Amino acid sequence: MESKEKIDIKPPSLGYRHVMVLIGFSSCFLIQIQRLSLSVAIVAMVNHTTTNLLTKSNSTFMVCPYRTEIKNSSSQKTEFLWNSQEQGLVLGIGFLGFFFATVPTSRIFLSFQARRVALFGSILSTIATLLSPAASELHVNAMIAAQFVRGIGQGFLFVSLFILMANWFPRGERGLLSTWVMSGHSVGSTVAAAVTGYLCDIPELGCPAVFYIMGGFGVIHAALFIFLLYETPQDHPKISPDELLYLSEDVEKTASDNIPKTPWREILTSVPFYALLIAVLGQYWCLSYFWTAHSTFLGTVQHFPITKVIRDITKNVLRMRKDMAEIWRCFDDPMDHPYIQEPSL
């Protein structure tokens with residue numbers, strides 16, 4: 001009878017576990033917009049032409065020529081003379097801070113709640129983002145330090161999410177709900193790439209506005225944590241009895257309870273572990289390129305109009321169709337009747 005009662009529990013279709021989904025989604029969204037907006041904004045922030053001359057770089061002979069219509073496409077003046085090594089540190093140091101934060105975070109939960117650690121990480125990364133314009137004006141090393149602090153805050157936030165999801169998501173819904181949470185990375189990447197380009201191209205706003213807007217979202221995110229999220233369902237004062245019973249029956253004990261010893265020997269001798277490790281490293285290697293270097297490559301080597309990319313998408317698609325029409329001309333019949341016509345621009 002007892003097992004039958006567990007099966008008959010019907011939780012509400014929408015409950016406070018879905019609030020955790022919203023906050024988790026916004027957390028991944030926040031991490032991604034603060035991370036990716038920097039890689040797009042730095043193209044407009046740095047005077048690459050002058051930097052190449054000062055460093056006596058031969059890269060000007062290894063880039064694509066400017067096209068007439070985009071040679072002066074950006075109305076935002078570049079300010080900083082950071083060389084390629086300094087730009088690389090600005091873009092990559094956040095990942096180092098992220099790495100350093102993830103290792104001790106798993107032990108911090110023994111003394112502090114995951115909710116508090118996540119909130120601290122959100123506030124830390126937001127402060128670092130809001131201070132980035134001032135740091136870049138001060139010195140490139142100050143900008144590097146700000147991005148390192150941002151990475152530490154995001155590391156605290158990201159690892160804490162897994163503890164909170166374990167506390168709130170029942171086994172039967174964990175796959176679906178956690179997928180919604182992690183989709184915040186993809187949505188954040190899309191929004192950051194689109195919005196940052198427009199902001200950098202507006203003289204009245206420019207690059208500083210990118211950091212202020214992304215940091216402003218961090219303030220909203222921290223408010224969601226403070227007013228809407230609780231460590232466990234049992235701590236929530238307004239959760240319905242049905243949902244509380246459902247989560248209490250189908251969720252394991254709080255993740256900080258009875259933490260077993262780490263089986264290092266079994267891990268280091270596990271073939272599936274190394275297969276997963278290689279797969280994850282390969283995935284993040286590719287993602288890290290798009291999160292950091294891809295925008296700079298398009299802006300400085302290809303001279304792609306990053307700050308107008310969304311505005312020109314339709315035109316570029318039509319050009320692609322025209323190019324495909326040219327390719328299909330190779331398959332014209334002997335009577336010189338093309339199978340398709342060129343789309344007009």
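Analysis parameters
Residues numbered from 1 in each chain as written. Predicted model: local features only at pLDDT ≥ 70, side-chain atom pairs only at ≥ 80, totals over all residues. Heavy atoms only, no water. Helix = DSSP H or I, 4+ residues; strand = E, 2+ residues; numbered from the N terminus. Contact = heavy atoms within 4.5 Å. Polar contact = N/O pair within 3.5 Å; in protein donor to acceptor, adjacent residues only side chain to side chain. UniProt positions renumbered as here; feature names shortened; annotations may be inferred. Expected span 1.5 Å × (residues − 1). Bend = angle between axes of the 7 residues up to and from the residue. Buried < 20%, exposed > 50% of the residue type's maximum accessible area, 1.4 Å probe, protein only. Salt bridge = Lys/Arg side-chain N within 4 Å of Asp/Glu carboxyl O. Phe/Tyr/Trp six-rings, centres within 6.5 Å; stacked < 30°, edge-to-face > 60°. Axes fitted to C-alpha atoms, helices over the stretch in contact; angles between N-to-C directions. Parallel < 35°, antiparallel > 145°, perpendicular 65-115°, else oblique. Left-handed = near helix turned anticlockwise from the far one by under 90°. Nonpolar A, V, L, I, M, F, W, Y, C, P; charged D, E, K, R; others polar. pLDDT = per-residue confidence, 0-100.

S.K.: Explanation requested: the environment of Leu-177 in the structure shown.
M.R.: Structurally, the position occupied by Leu-177 is in helix α8 (residues 174–200). Taking C-alpha positions, Leu-177 is 7.9 Å from His-18, a pair spaced 159 residues apart along the chain. Once residues lying within four places of it in the same chain are set aside, the contact partners of Leu-177 are His-18, Val-21 and Phe-169.

S.K.: Looking at this structure, I do not really get the side chain of Glu-173. What am I missing?
M.R.: Following the sequence through the fold, Glu-173 ends up in the loop between α7 (140–168) and α8. In this structure the side chain of Glu-173 is engaged in a polar contact, spanning 3.0 Å, whose partner is the side chain of Arg-17. When neighbours within four sequence positions are excluded, Glu-173 is seen to be in contact with Arg-17, His-18 and Tyr-246.

S.K.: Where do I start with the UniProt feature "transmembrane region" (unreviewed entry) in the protein chain in this structure?
M.R.: Those places that UniProt annotates as "transmembrane region" (unreviewed entry) correspond, in this numbering, to residues 21–46, 89–110, 117–136, 148–169, 176–199, 211–230 and 271–291. Helix and strand shares over residues 21–46 are 96% and 0% respectively, and the end C-alpha atoms of the span are 38 Å apart. With 100% helix and 0% strand, the stretch residues 176–199 has end C-alpha atoms that lie 35 Å from each other.

S.K.: Honestly, α8 in this entry has me stumped. Any pointers?
M.R.: Residues spaced three or four apart along an α-helix point in a common direction, a consequence of the helix completing one turn every 3.6 residues. For α8, built from 27 residues, the straight-helix expectation of 39 Å at 1.5 Å per residue is met to within 8% by its first-to-last C-alpha distance of 39 Å. Taken as a whole, α8 carries its principal kink of about 25° at Met-182. Within the sequence span of α8, burial applies to Leu-177, Ser-178, Val-181, Gly-184, His-185, Gly-188, Ser-189, Ala-192, Thr-196, Gly-197, Leu-199 and Cys-200.

S.K.: Help me understand the pattern of salt bridges, please; the structure alone is not making it clear to me.
M.R.: Side chains that differ in charge, positive against negative, can pair when their charged atoms come close. Enumeration according to the criterion identifies 2 salt bridges in this entry. With a shortest N-O distance of 3.0 Å, Glu-173 and Arg-17 are connected by a salt bridge. Note that Glu-173 is positioned in the loop between α7 and α8 and Arg-17 in helix α2 (residues 16–45), a separation of 156 residues in sequence. Assigned by exposure class, Glu-173 and Arg-17 land together as buried. Among the ionic contacts, a cluster of salt bridges with common partners joins Arg-17, Glu-173 and Glu-243.

S.K.: Looking at this structure, how should I read the packing of aromatic side chains?
M.R.: Two measures describe an aromatic ring pair: the distance that separates the ring centres and the angle between the ring planes. With the rule as written, the count across this model stands at 8 aromatic pairs. Ring plane angle 20° and centroid distance 6.4 Å describe the contact between Phe-25 and Phe-29, whose orientation is recorded as stacked. Of this pair, Phe-25 and Phe-29 both sit in helix α2, 4 residues apart, roughly one helical turn. The buried category is assigned to Phe-29, whose relative accessible area is 12%. Here the aromatic rings of Phe-98 and Phe-158 are separated by 5.8 Å at their centres, their planes lie at 45°, and the arrangement is tilted.

S.K.: Would you mind going over the packing of α8 against helix α9 (residues 206–228) with me for this structure?
M.R.: Angle between the axes and distance between the axes: these two values describe a pair of packed helices. In contact at an axis separation of 7 Å, α8 and α9 are set at 140° when each is read in the N-to-C sense. Of the possible angle classes, the one that applies to α8 and α9 is oblique. Two packed elements cross with a definite hand, and for α8 against α9 that hand is right-handed. Contacts between α8 and α9 involve Ala-192, Val-195, Thr-196, Leu-199 and Cys-200 on the former and, on the latter, Gly-206, Cys-207, Ala-209, Val-210, Ile-213 and Met-214. Here the contact of α8 with α9 is composed, by residue class, of 9 nonpolar, 2 polar and no charged.

S.K.: How should I be thinking about helix α5 (residues 114–130) in this particular structure?
M.R.: Given a rise of 1.5 Å per residue, 17 residues ought to cover 24 Å, and the 24 Å separating the end C-alpha atoms of α5 matches this to within 8%. Taken together, the buried positions of α5 are occupied by Ala-114, Arg-115, Val-117, Ala-118, Leu-119, Gly-121, Ser-122, Ser-125, Thr-126, Ala-128 and Thr-129.

S.K.: Help me understand the side chain of Ser-122, please; the structure alone is not making it clear to me.
M.R.: Within the element layout of this structure, Ser-122 appears in helix α5. A relative accessible area of 0% places Ser-122 in the buried class. Other than its neighbours up to four places away in sequence, Ser-122 contacts Leu-30, Gly-153, Leu-157, Gly-218, His-221 and Ala-222.

S.K.: Just checking my understanding: could you explain the confidence of the model for the protein chain for this structure?
M.R.: Close reading of the predicted structure is inappropriate where its pLDDT is low. Residues at a pLDDT of 70 or more form 69% of the protein chain, whose mean pLDDT is 76. Averaged pLDDT values for the elements of the protein chain fall to 43 in helix α13 (residues 313–328) and rise to 93 in α5. Long-range and interchain partners of residues 57–61, a stretch whose pLDDT sits below 50, account for 3 contacts in this model, where long-range means more than four residues apart. The low-confidence segment residues 66–75 (pLDDT under 50) makes 15 contacts with residues lying over four places distant or belonging to another chain.

S.K.: Help me understand the packing of α5 against α7, please; the structure alone is not making it clear to me.
M.R.: Following both chains from N to C, one finds α5 and α7 inclined at 155°, their axes separated by 7 Å at the closest point. On the basis of the axis angle, α5 is roughly antiparallel to α7. For the element pair α5 and α7, the recorded crossing hand is left-handed. When α5 is examined against α7, the residues Ala-114, Arg-115, Val-117, Ala-118, Phe-120, Gly-121, Ser-122, Leu-124, Ser-125, Ala-128 and Thr-129 are found in contact with a partner set consisting of Ala-146, Val-149, Arg-150, Ile-152, Gly-153, Gln-154, Phe-156, Leu-157, Ser-160, Ile-163 and Leu-164.

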